[in-house]
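Understanding the architecture of this molecule
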Amino acid sequence: MSTGGIVLRSFLYKSFGLVLVGVLLLPVGWWGPSVAEAEAPFVEHSPPVADSVLSTGSVDKTIGTYGFEQGNSEGWKPRGTYTQIASVTEAAYGGTHSLKATARTATWNGAELDVKSLLLPGVEYEISGYVKLDGNSANPSVIKFTVEEQPAGGATTWKTVAQTETTDTSWVKLQGKYTFTGGMDALKLYVESSNPAQAYYVDEVEIRQVSETPTEPTSGIVSGFEGGTAQGWVSRMGAETVQVSNADARTGSYSLLTTGRQKTYAGPKLDVTATVQKGSRYTVSAWVKLAPSEQHPAKVRLSVQRDHQGESAYETVVGDTATTTGGWMHLSGTYTLAHDADTVSMYLETAEGTASFYMDDFELSLVPPLAIEKDIPSLHGLYQGQFSIGTAIEAFQTEGAYGELVQKHFNSVVAGNAMKPISLQPSEGQFHWEEADQIVQFARQHGLEIRFHTLVWHNQTGDWMFKDKNGQPMTPTAENKKLLLDRLETHIRAVVARYKNVITDWDVVNEPIDPDQPDGMRRSKWYQITGTDYIEKAFRVTREAAGPNARLFINDYNTHEPKKRDFLYNLVRDLLAKGVPIDGVGHQSHIRLEFPTIQEMEQSIEKFASLGLDNQITELDMGLYSNDTDRYETIPEAMLIRQAYRYRALFDMFSRQQENISNVTIWGTDDGNTWLSTFPIARLDKPLLFDERLKAKYAYWALADLSKVPPLPAGSNE
């Protein structure tokens, strides 16, 4: 399971086909299907991560390279009314292709590349490439790399990056540094020549970042529309109309009205790329109201689209909020850019229907820098010699105050999402290791244990895994069973080979049990095609690949429920009898303030320990609500006090069971990064030990020094 303060909907960009995938610490039990496309089965073999720390590298980051070897323009476009460009083979500096610009009629005509989504303000870039004239020139031709800048609200300017002079047909190199400041409506890199009639070739263009990204992000954005302009907001899909209106406003005289929506995800959009910075946290606020013509309420939400390397991902910042014509509704949430992105935009959409609506008083504000309390006891130190204390993190939480919090209070980490199947292998044979490696590197640098989550799961696994050899959804046949089990083995061996030297505890199979089924087995695609063979195969292959010292776990939620517990117990018992190498059971332990009882949890631990198995508490948090509908604007202090005493009673039980428990992992670092902010509905919840400012809560002090916690409120029975 897993999520942070938002629910991430991750997609390959396919005509805005919105298929829920989920990310950022969303609990494994609540994730939607994934949509990775099948590709030719080729495994990208990578060297294993050694016991030494992964290399960190310096600031020399390649942003884009353009060699035109695929026979297309790779995003470059003709600049000028008559200009034509094409990838050709008649000349090339490297490889067999270059880009040729012909039919030029002005010096500034030629090939151009939109670099707005690639470059950040305040960052220095080095731009290089090779240019060749198509035929000798009687007079010297001055060849330039130029960037056209269109500042937001300002006049267009042109900045020369590099230039050289040539008269012959040999390749010449252009190389220079470039940076810009402030928000830009457009940034275009182009090649120009002082001879307007001459064609040219360009090849091996490279853009590299050569300076640090500024540490101080832009503070924020306010859109009140009082100037009578849309202030950068545009139609997201192009068909809907987004315009300033004085027919209604929450404050002042103007608001933004969106009409003519044809899709639920159509609406007003704002590019915030230049404002949000990876790892920084922002508060987001907007007010919405339905247009008078709407007869029925609508559920409006505020979302983020991230584009990176041709793929798009979608995150819900503020969940579905009931909205009517009767008054302005407040959408309020927080957002942390946790992943690399070329462009980031915020937009409004509806859960269903295409209602017209007003939006006013949008505000995106940087949350002040976080700082941890350094003079309080270490959480993991409180349980030294009993069990390790872990937390779930994303890659961005290896840095700054989050990284400091993890180092101080935890001696174990697990990747909330970066090591799940869809994250590591979104399409067949194409592995993405970057974020997982970053977490591993951080853990190794600071001497932290690492739990792996997860090798096999029915959610957050690419659709390609369950397609037959013809690309169609698998049906239960012997051929498909073999293909699926082969793919399973390939995935496990590739992942384990990379991390076996630094990870010992592995969640091998996640959530196989459904107590509503007669036999207790979840009717996942894995089960439909292979029966329980996928479970046995996964554990046997992992043991072979990881070696005898690896500890292999089967992980599930609600293991305190007797019916589900017994189904899982019987499955594990039978697998052990067949010699399947299972070392322990992972109890996710997403509990609430009111239930389950601690006795039920303890009984489950003891039952699995009777099989000689280790137990780990793998995803612990404690939601404050007793149902799926209540919502607080401010959490009552009495609830936080009750939570503290329940955490204390829970950890006292863990201490009693220390012979049967090796690890307790808390699902998230702080209340600002919890999946419960959007599940089961969008609402404020505070399920963890540290608040959103990384300050210790009563729940922490109940473990460290109970005298610092106020007495239980009257009527409480903890």
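Above this text you will find the structure in question.
The structure reproduced in this document is the subject of the present report. (Residues numbered from 1 in each chain as written. Predicted model: local features only at pLDDT ≥ 70, side-chain atom pairs only at ≥ 80, totals over all residues. Heavy atoms only, no water.)

Turning our eyes to something else, we now look at the overall build of the chain. Counting its secondary structure elements, the chain contains eleven helices and 32 strands. A compact globule built from 718 residues would reach a C-alpha radius of gyration of about 27 Å, and the chain, at 28 Å, matches this within 12%. Along the longest, intermediate and shortest principal axes, the C-alpha atoms of the chain span 90 × 60 × 55 Å. Relative to its full complement of 718 residues, the chain shows a buried share of 55%. Across the chain, every contact between residues at least 6 apart in sequence was considered, and the portion connecting residues at least 24 apart equals 76%. In the form shown here, the chain has an accessible surface area of approximately 28400 Å², with 47% of it arising from carbon and sulfur atoms. Across the chain, the 64 positively charged side chains and the 89 negatively charged ones have centroids separated by 3 Å. (Helix = DSSP H or I, 4+ residues; strand = E, 2+ residues; numbered from the N terminus. Rg over C-alpha atoms; globule rule 2.2 N^0.38 Å. Buried < 20%, exposed > 50% of the residue type's maximum accessible area, 1.4 Å probe, protein only. Contact = heavy atoms within 4.5 Å. Areas by Shrake-Rupley, 256 points an atom, 1.4 Å probe, with all protein chains shown as cover. Lys, Arg positive; Asp, Glu negative; His and termini not counted. Charge placed at Lys NZ, Arg CZ, Asp CG, Glu CD.)

This part takes up the pattern of salt bridges. A complete count under the given rule lists 39 salt bridges for this structure. For the salt bridge of Arg301 with Glu349, the shortest nitrogen-to-oxygen distance reads 3.2 Å. Pair noted here: Arg301 is in strand S19 (residues 298-308) and Glu349 is in strand S22 (residues 343-350), with a separation of 48 residues, a long-range link. Given a relative accessible area of 16%, Arg301 falls into the buried group. A relative accessible area of 0% means that Glu349 is categorised as buried. A salt bridge links Asp652 to Arg648; its shortest N-O distance comes to 3.2 Å. Here the residue Asp652 and the residue Arg648 both occupy positions in helix H10 (residues 637-656), the gap between them amounting to four residues, near one helical turn. The network of salt bridges with shared partners includes Arg79, Glu112, Glu148 and Lys188. (Salt bridge = Lys/Arg side-chain N within 4 Å of Asp/Glu carboxyl O.)

So, on to the side chain of Arg592. Counting through the fold element by element, Arg592 comes out in strand S30 (residues 590-592). Reaching out from Arg592, the side chain makes a polar contact with the backbone oxygen of Asn627 at a distance of 3.3 Å. There is a polar contact of 2.8 Å between the side chain of Arg592 and the side chain of Asp628. Not counting residues within four places of it along the chain, the set of residues in contact with Arg592 comprises Met622, Gly623, Tyr625, Ser626, Asn627, Asp628, Arg646, Pro680 and Arg683. (Polar contact = N/O pair within 3.5 Å; in protein donor to acceptor, adjacent residues only side chain to side chain.)

The amide bond that connects His453 to the next residue, Thr454, takes the cis arrangement and shows omega of 0°. Along the chain, Thr454 turns up in strand S26 (residues 449-457). A cis geometry characterises the amide bond from Phe595 onward to Pro596, with omega recorded as 0°. Among the structural elements, Pro596 can be located in the loop between S30 and helix H9 (598-609). At Gln231, a residue that is not glycine, the phi angle is positive and equals roughly 55°. In this fold, Gln231 is placed in the loop between strand S13 (220-223) and strand S14 (234-235). The class for Gln231 is partly exposed, based on a relative accessible area of 34%.

A word on the layout of surface pockets. Here the second largest pocket is characterised by a volume of approximately 810 Å³. Taken together, 31 residues form the lining of the second largest pocket, with Ser332, Gly333, Thr334, Arg683 and Leu684 sitting closest to its centre. Sorting the residues of the lining of the second largest pocket by element identifies strand S18 (281-290), strand S20 (311-323) and strand S21 (329-336) as the ones contributing at least two each. Here the lining of the second largest pocket gets six residues from one element, more than from any other, and that element is S21. For the lining of the second largest pocket, the per-class residue count stands at nine nonpolar, 13 polar and nine charged. (1 Å grid on protein atoms, 1.4 Å probe; cavity = no way out; pocket = protein on both sides within 12 Å on 5 of 7 lines; lining within 4 Å. Points joined across faces, edges and corners; volume = space filled by probe spheres on them. Nonpolar A, V, L, I, M, F, W, Y, C, P; charged D, E, K, R; others polar.)

On to the environment of Arg498. Mapping Arg498 onto the fold places it in helix H5 (residues 478-499). Remark: the alpha-carbon pair of Arg498 and Pro512, spanning 14 residues in sequence, is separated by 25 Å. Polar side-chain contacts of Arg498 include one of 2.4 Å to the side chain of Asp437.

Judged by nonpolar contacts, the single largest core of 63 residues is most densely connected at Tyr499 and Trp506. Among the nonpolar cores identified, the runner-up in size contains 47 residues, and Ala338, Ala401, Phe651 and Leu694 belong to it. (Core = buried A, V, L, I, M, F, W, Y, C linked by side-chain atoms within 4.5 Å.)

Our next topic: the sheet that holds strand S8 (residues 141-151). Working definition: the strands of a sheet are paired by backbone hydrogen bonds and lie parallel or antiparallel to each other. Strand order in the open sheet formed by five strands is S3-S6-S11-S8-S9, with antiparallel pairing between adjacent strands. Every other strand in the sheet has two partners, leaving strand S3 (77-79) and strand S9 (157-166) as the edge strands with one partner each. When strand polarity is set aside, the average angle formed by the axes of neighbouring strands in this sheet is 25°. (Pairing = 2+ DSSP bridges. Axes fitted to C-alpha atoms, helices over the stretch in contact; angles between N-to-C directions.)

Right, let's talk about the packing of H5 against helix H7 (residues 533-546) for a bit. Viewed as axis vectors pointing N to C, H5 and H7 meet at an angle of 30°, and their least axial separation amounts to 9 Å. Looking at the two axes, H5 sits roughly parallel to H7. Here H5 runs over H7; the crossing is right-handed. Contact with H5, carried on its side by Lys481, Leu485, Leu488, Glu489, Ile492, Arg493 and Val496, involves Asp533, Tyr534, Lys537, Ala538, Val541, Thr542, Glu544, Ala545 and Ala546 of H7 and no other residues of that element. Considered class by class, the residues forming the contact of H5 with H7 number nine nonpolar, one polar and six charged. (Parallel < 35°, antiparallel > 145°, perpendicular 65-115°, else oblique. Left-handed = near helix turned anticlockwise from the far one by under 90°.)

Here we take up the packing of helix H8 (residues 562-577) against H9. For the pair H8 and H9, the least separation of the axes is 11 Å and the interaxial angle reads 15°. Viewed along their axes, H8 and H9 adopt a mutual orientation that is roughly parallel. Crossing of H8 over H9 shows right-handed handedness. Residues Arg565, Asp566, Leu568 and Tyr569 of H8 lie in contact with H9, whose contacting residues are Gln603, Ser604, Lys607 and Phe608.

Attention now goes to the environment of Ile681. In this structure, Ile681 sits in the loop between strand S32 (661-666) and helix H11 (698-704). A relative accessible area of 22% places Ile681 in the partly exposed class. C-alpha of Ile681 to C-alpha of Thr629: the two residues are 52 residues apart in sequence and 7.3 Å apart in space. Look past the residues within four positions of Ile681 in its chain and what remains in contact with it is Asp628, Thr629, Asp630, Arg631 and Leu676.

This part covers H5. Helix length check: H5 (22 residues) gives 32 Å between terminal C-alpha atoms against 32 Å at 1.5 Å per residue, within 8%. Buried residues of H5: Asn480, Leu484, Leu485, Arg487, Leu488, His491, Ile492, Ala494, Val495, Val496, Arg498 and Tyr499, and no others. Looking at the packing, one finds that the buried side of H5 touches helix H3 (421-424), helix H4 (434-445), S26, strand S27 (505-510), helix H6 (525-530) and H7. (Expected span 1.5 Å × (residues − 1).)

Our next topic: the environment of Asn570. Checked against the element boundaries, Asn570 lands in helix H8. Looking at Asn570, the relative accessible area reads 30%, which means it is partly exposed. Between the C-alpha atoms of Asn570 and Ser293, which are 277 residues apart in sequence, the distance is 59 Å. At 3.3 Å, the side chain of Asn570 and the side chain of Arg573 are in polar contact.

Here we take up the side chain of Arg104. Within the secondary structure layout, Arg104 lies in the loop between strand S5 (98-102) and strand S6 (110-114). Buried charged residue Arg104 carries no salt bridge. Nearest counter-charge: Glu192, at 6.8 Å. Within polar-contact distance, the side chain of Arg104 engages the backbone oxygen of Ala106 at 3.4 Å. Non-local contacts of Arg104, meaning those with residues more than four positions away in its chain, are made with Thr83, Asn109, Gly110, Glu192, Ser193, Asn195, Pro196, Ala197, Gln198 and Tyr200.

What follows is about the packing of aromatic side chains. Scanning all chains against the criterion turns up 23 aromatic pairs. Judged by centre distance (5.2 Å) and plane angle (45°), the ring pair of Tyr383 and Phe651 falls under tilted. Pair noted here: Tyr383 is in the loop between helix H1 (379-382) and strand S24 (388-393) and Phe651 is in helix H10, with a separation of 268 residues, a long-range link. In this structure, Tyr383 and Phe651 share a single accessibility class: buried. (Phe/Tyr/Trp six-rings, centres within 6.5 Å; stacked < 30°, edge-to-face > 60°.)

As far as function goes, none of this settles anything; it's purely spatial.
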